[in-house]
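The lines below spell out each chain.
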Amino acid sequence: MSDQDDDIILSELDDDELVQQMFDDLYDGLREEIEESVNILLERNWEPYRVLTEALVGGMTIVGKDFRDGILFVPEVLLAANAMKGGMAILKPLLAETGAPRVGKMVIGTVKGDIHDIGKNLVGMMMEGAGFEVVDLGINNSVEKYLGALETEQPDILGMSALLTTTMPYMKVVIDTLIEQGKRDNYVVLVGGAPLNEEFGRAIGADAYCRDAAVAVETAKDFMARKHNRMAAG
Ligand code: B1M
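Residues numbered from 1 in each chain as written. Predicted model: local features only at pLDDT ≥ 70, side-chain atom pairs only at ≥ 80, totals over all residues. Heavy atoms only, no water.

*Asks:* Pulling in residues and values, what's your account of helix α7 (residues 143-153)?
*Replies:* Here α7 has its buried residues at Val143, Tyr146, Leu147, Ala149 and Leu150. Relative to the axis of α7, the buried residues are bounded by an arc of 160 degrees and lie together on one face. Of the residues in α7, the exposed ones pointing more than 90 degrees away from the buried face are Glu144 and Thr152. Of the surrounding elements, those touching the buried residues of α7 are β1 (104-110), β3 (157-161) and α8 (170-180). Downstream of α7 by a residue or two, glutamine 154 has a phi angle that is positive, lying close to 50 degrees. (Buried < 20%, exposed > 50% of the residue type's maximum accessible area, 1.4 Å probe, protein only. Helix = DSSP H or I, 4+ residues; strand = E, 2+ residues; numbered from the N terminus. Arc of directions from axis to C-beta. Contact = heavy atoms within 4.5 Å.)

Below, the structure is given as C-alpha cells:
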C-alpha cells in the first residue's frame, strides 16, 4: 500500500469519493478496505442492493474491462474477486432479511469447466432475499451433479451460470439430458452469465435468460406465480 493510500480515511470521504475509492480498492484487491467501505455506506443508510450494484458490481466491471484488455491478470483478478466476496458477505444477511415467506426452491450452479462464481453467488443471495430457498451446487458442475441435486432437492427452479463462451454450450447438455429422461417439464430452467443472451437461452431450450440477479428474481417470481395460478385453477 502506498503512503498516499495510508493517508486516506475512508469515513471522511463523501459518498461519491468513497465509491470511487472502492473501485480503486477493489481493483487493488484490498478486502479489508472494501469491507470497511461497505459498512460505512450501510451506516449512511444506503440500501444493501445499492451498495452491491453501484459500488461492488460497478468496481468489478472496471476490473473485467482491464482483464479483457490484458492490463490485469488472473492473480490480480482473484484478489479483486476475494475483495468483492468480502463485501458480499456483509451484504448477504441484509439482502436475505426481508422476512418474505418461502416462495419456491432453486438449485443453482456454475456449469462444468467454469469456475466463475461471483455472479451465481449474487443471484443466490438475491433469490434468498426474495424468499426462495436456494441450494448452491458451487462451480464446475457436471450433468450428473445437476441431475442428482434435482432428484434429491426437488426444486421448482434449476439455475445455471456460465461466464465463458466455451462453457455456455454445456447448459444445453444438461437441458437435453433432462429432455431425454422425460424430466424437463418438472423444472423451470433459468440461465445467466455475461456471454449469454436471450436468443441463446431460447436456442438451448431454457425457460428464460436472466440478464442480472434482479431479473433472475423477477423471472423466478413470475414463474412461481404462474405455477400457483395453474394449481389453483385445478
Ligand atoms: Co474470468 N473471464 N477467466 N476469471 N472473469 C471473464 C468471464 C472474461 C469475460 C474476462 C475478459 O476477457 N474480459 C473472460 C471470458 C471470455 C469469454 O469466454 N468470452 C474470462 C476468462 C477468459 C477467464 C480465464 C479463461 C482466464 C485464463 O485463465 N486465461 C479463466 C477461466 C477459468 C475457468 O472458469 N475455467 C478465468 C478466471 C477468472 C478468475 C478465477 C481469475 C476470476 C473468477 C473468480 C470467481 O468467480 N470466484 C475471473 C473473473 C473475476 C472474471 C471477470 C473479470 C468478472 C466476472 C464477475 O465476477 N463479474 C470477467 C469479466 C466480466 O465479466 N466483465 C471474466 C461480476 C458478476 C457480478 O457478474 O458474473 O456476469 P456476472 O453475473 C451477473 C449476470 O451475468 C447474471 O447475474 C449476475 C449478477 O447480476 N448471472 C446470472 C450470472 N449467472 C447467472 C445465473 C442465473 C441468472 C443470472 O441463473 C438463474
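*Asks:* For the site of the ligand, give the residues involved together with the corresponding values.
*Replies:* Residues in contact with the ligand amount to 33 residues; listed here are only the nearest, Arg68, Ile115, His116, Asp117 and Ser161. Contact between the ligand and histidine 116: a nitrogen atom at 2.8 Å from a side-chain N or O atom of the residue. Between the ligand and serine 161, the relevant distance is 2.7 Å, taken from a nitrogen atom to a side-chain nitrogen or oxygen of the residue. Elements supplying a minimum of two residues to the shell around the ligand: α4 (48-68), α5 (74-95), α6 (118-129), β3 and β4 (188-192). For the shell around the ligand, the leading source of residues is α5, giving 5 residues. Grouping the amino acids of the shell around the ligand by side-chain chemistry returns 18 nonpolar, 9 polar and 6 charged. (Near = heavy atom within 4 Å. Polar contact = N/O pair within 3.5 Å; in protein donor to acceptor, adjacent residues only side chain to side chain. Nonpolar A, V, L, I, M, F, W, Y, C, P; charged D, E, K, R; others polar.)

*Asks:* Please give an account of the pattern of salt bridges that cites residues and values.
*Replies:* Under the defined criterion, the tally for this structure stands at 15 salt bridges. A salt bridge links glutamate 35 to arginine 31; the nearest nitrogen and oxygen atoms lie 3.0 Å apart. Taken together, the residues span about one helical turn, with glutamate 35 and arginine 31 both in helix α3 (residues 31-43) at a distance of 4 residues. Residue glutamate 35 is classed as partly exposed on the basis of its relative accessible area, which comes to 22%. (Salt bridge = Lys/Arg side-chain N within 4 Å of Asp/Glu carboxyl O.)

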